[in-house]
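If you want the building blocks of each chain, they are given just below.
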Amino acid sequence: MVTCNINAIQVHCVQKPSSITPFDQFKTQLVSSFKPFMSDLQKLTIRLQAPHAMIKKTSIELLHAFTDSVFQFIDHPSLPSQSNFAPVEEIGEAFYIDEVQGNIPYDFPEGVYIRNGSNPLFGGLKSTESIFGRSSHIWVEGEGMLHALYFKKESDGKWSICYNNKHVETDTFKMEKQRNKPCFLPAIEGDSLAILSAYLLNLMRFGMFNKLLSNTSVFEHSGKFYSAAENHMPHEIDILTLETLGTWDVDKTWNRPFTAHPKKAPGSGELVMMGVNATQPFFEIGVISAEGNKLVHKADLYLDRCSLCHDIGVTMRYNVILDFPLTIDLKRLASGGPLIKYDKEGYARIGVMPRYGNGDSVKWFDVEPCCVFHIINTYEDGDEVIMWAFRARNSIIPGPDLGLNKFEWFSSRFKNKCDTNLNSDDSLFTKAYEWRLNMKTGEVKERNLTGNSHSMDFPMINEQFTGLKNKYGYAQTVDLNASSISGMAKYGGLVKLHMQDTIKQDYVKTEYHKFPENTFCTGAAFVAKPGGLEEDDGWVVTFVHDERLNKSQVIIVDAKNFTSEPVVTITLPARVPYGFHGAYMPMVL
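Residues numbered from 1 in each chain as written. Predicted model: local features only at pLDDT ≥ 70, side-chain atom pairs only at ≥ 80, totals over all residues. Heavy atoms only, no water.

S.K.: Mind showing me how you'd approach the sheet that holds strand 19 (residues 313-314) here?
M.R.: Across a sheet, paired strands are connected by hydrogen bonds in the backbone, their directions being either parallel or antiparallel. The sheet built from four strands is open, its strands ordered 19-20-23-24 with antiparallel pairing. Each having just a single partner strand, strand 19 and strand 24 (363-367) make up the two edges of the open sheet. Examined bridge by bridge, strand 19 and strand 20 (residues 318-323) share two bridges and lie antiparallel to one another. Paired with valine 314 across the two strands is asparagine 319, which belongs to strand 20. (Pairing = 2+ DSSP bridges. Helix = DSSP H or I, 4+ residues; strand = E, 2+ residues; numbered from the N terminus.)

What follows is the structure in structure tokens.
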């Protein structure tokens, strides 16, 4: 029972031609910088007949002292238009919401609407300056925070709504909270030498390259709930209190990264997931039993590069894998190149493998190079496997030469209308796209499904149709034909895609639910109507933020009457920053 007492991307390193340092020279500089501390450590080791643990502790403290003397944390720069990306504090305990416009439908299911997102500690993301150059986080980093709305129907038929938020308390979150200051050096953007030194110092001090973020998604499997991000295993959470219960390693059988978008296989209810790593094996796939207590299959796909694959698809018989030219390469970083790079001339392919197949059983289809983060759905249609996803023709983050001026670059790009030439390398906006993969002939058919006036992403469907032929998809969208003062989109909204219907130019039919000016959404989720007879029987629920009034709300939109006004608008007692993926968990509270 719940009461008020319960409690995007391609990224590049910014590298200046004059600061690129060969790896051997880097090692010399790093060792030279370490010399005073190494000398003290050697003297201490010889002089003291102390237990190993004490020597190790002293060594780590010397490393901390060295890091603090060389690296200076500074606030990550941001623009006024990015104010709703700023973090918020935990509210402490859940409490009732009184300001509700409209009526929650009588057949809306009780449950929890929950969204994950980046909410960095200590006032926001940090950059560093050092003798090795500059390093910084990217906007998707930052500790995870869960924002939850509880919908409970009382005995008199009236609805009560509670709101709560809480950080996901990973091991690194608890460590930095205890030390009460930033500890991990940012190691994604910046000068190559600074990033490489940050990687090594993080590893030597903490045993890992980066923080455990757990900030991207929330999913359910076998009655348990998990917070997830790409760089580590999921964290189990108590959905009612938002307390973090611990790391989920599938009974100690999975000890590598775990996708934020696992998929339940149709029919069996097994959970299909993957782990992408910067070192070999670069890509492993796993299948977890429907009961959630056993890893029933695991396979290395023998990829020769680390593709930053964010999503995976399933059909009745197959797993669908993406191997696109957005890659992370530690060797490239060591030689002075960018850690993460999108190669628009590189090869791209989609793999289809039997549910329990291995690397040798994957059938690969070569496709046009592109950038894809989110899959709408995948399914089988005769001899073909169909994949719908949101696709950008080029990098969606500017390259390393733009440095901190990338925000100005974004503004100038978003002031213009979308490029109508779909083959242009300047196309940066994500569109709904279709690939038809013929398992018999090996033929690939590709086509754009939507027009050019809107960019859309963060898809959702009625999850009962995951891996099956479906009619509808939903997504968050911005109108790119209207530019605001900040140079970004002026209008946000939701879009309903009629995936099986085509209109002029073979584009699918689209319906738009447009928000008021300078209002945008985050974490949208589809809520299926209990006992619904049609696929779109249900609602779309989402967090929205009015940037003019600095007001956060949750709205519920009727999926069948998609262009009409929200059936319910719930005004929240606190600001909810923009974040990532949301989910609705039906349950009796």
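S.K.: What should I look at first to understand helix 3 (residues 171-179) in this one?
M.R.: Considered for burial, the residues of helix 3 that qualify are Thr172, Phe173 and Glu176. The arc that holds every buried residue of helix 3, seen down its axis, measures 105°, which confines them to one face. Every exposed residue of helix 3 that faces more than 90 degrees away from the buried side is listed here: Asp171 and Gln178. Each element contacted by the buried residues of helix 3 is listed here: strand 8 (159-167). (Buried < 20%, exposed > 50% of the residue type's maximum accessible area, 1.4 Å probe, protein only. Arc of directions from axis to C-beta. Contact = heavy atoms within 4.5 Å.)

S.K.: For this particular structure, what's the right way to read the nonpolar core?
M.R.: Side chains that are nonpolar tend, in soluble globular proteins, to be buried together. If you look at the biggest cluster of nonpolar residues, it comprises 63 residues, and the most contacted ones within it are Phe283, Ile350 and Trp435. With seven residues, helix 4 (residues 192-206) is the largest single contributor of residues to this core. Beyond its immediate sequence surroundings of up to four residues, phenylalanine 283 is in contact with Arg256, Met274, Gly275, Val276, Ala299, Asp300, Leu301, Leu303, Cys309 and Ile321. Ile97, Ala525, Val554 and Tyr584 belong to the second largest nonpolar core, which has 21 residues in total. (Core = buried A, V, L, I, M, F, W, Y, C linked by side-chain atoms within 4.5 Å.)

S.K.: What's the story with the environment of phenylalanine 73 in this structure? I'm lost.
M.R.: Within the secondary structure, phenylalanine 73 sits in strand 1 (residues 72-75). A sequence separation of 52 residues divides phenylalanine 73 from leucine 125, and the C-alpha atoms of the two residues are 9.8 Å apart. Leave out the neighbours within four places in its chain, and phenylalanine 73 touches Lys126, Ser127, Thr128, Pro182, Cys183, Phe184, Leu185 and Pro186.

S.K.: Teacher, can you tell me more about the side chain of serine 160 here?
M.R.: Locating serine 160 in the fold gives a position in strand 8. A polar contact of 2.8 Å, which involves the side chain of serine 160, links it to the side chain of glutamate 154. Those residues in contact with serine 160, other than ones at most four positions away along the chain, are Tyr96, Tyr150, Phe151, Lys152 and Glu154. (Polar contact = N/O pair within 3.5 Å; in protein donor to acceptor, adjacent residues only side chain to side chain.)

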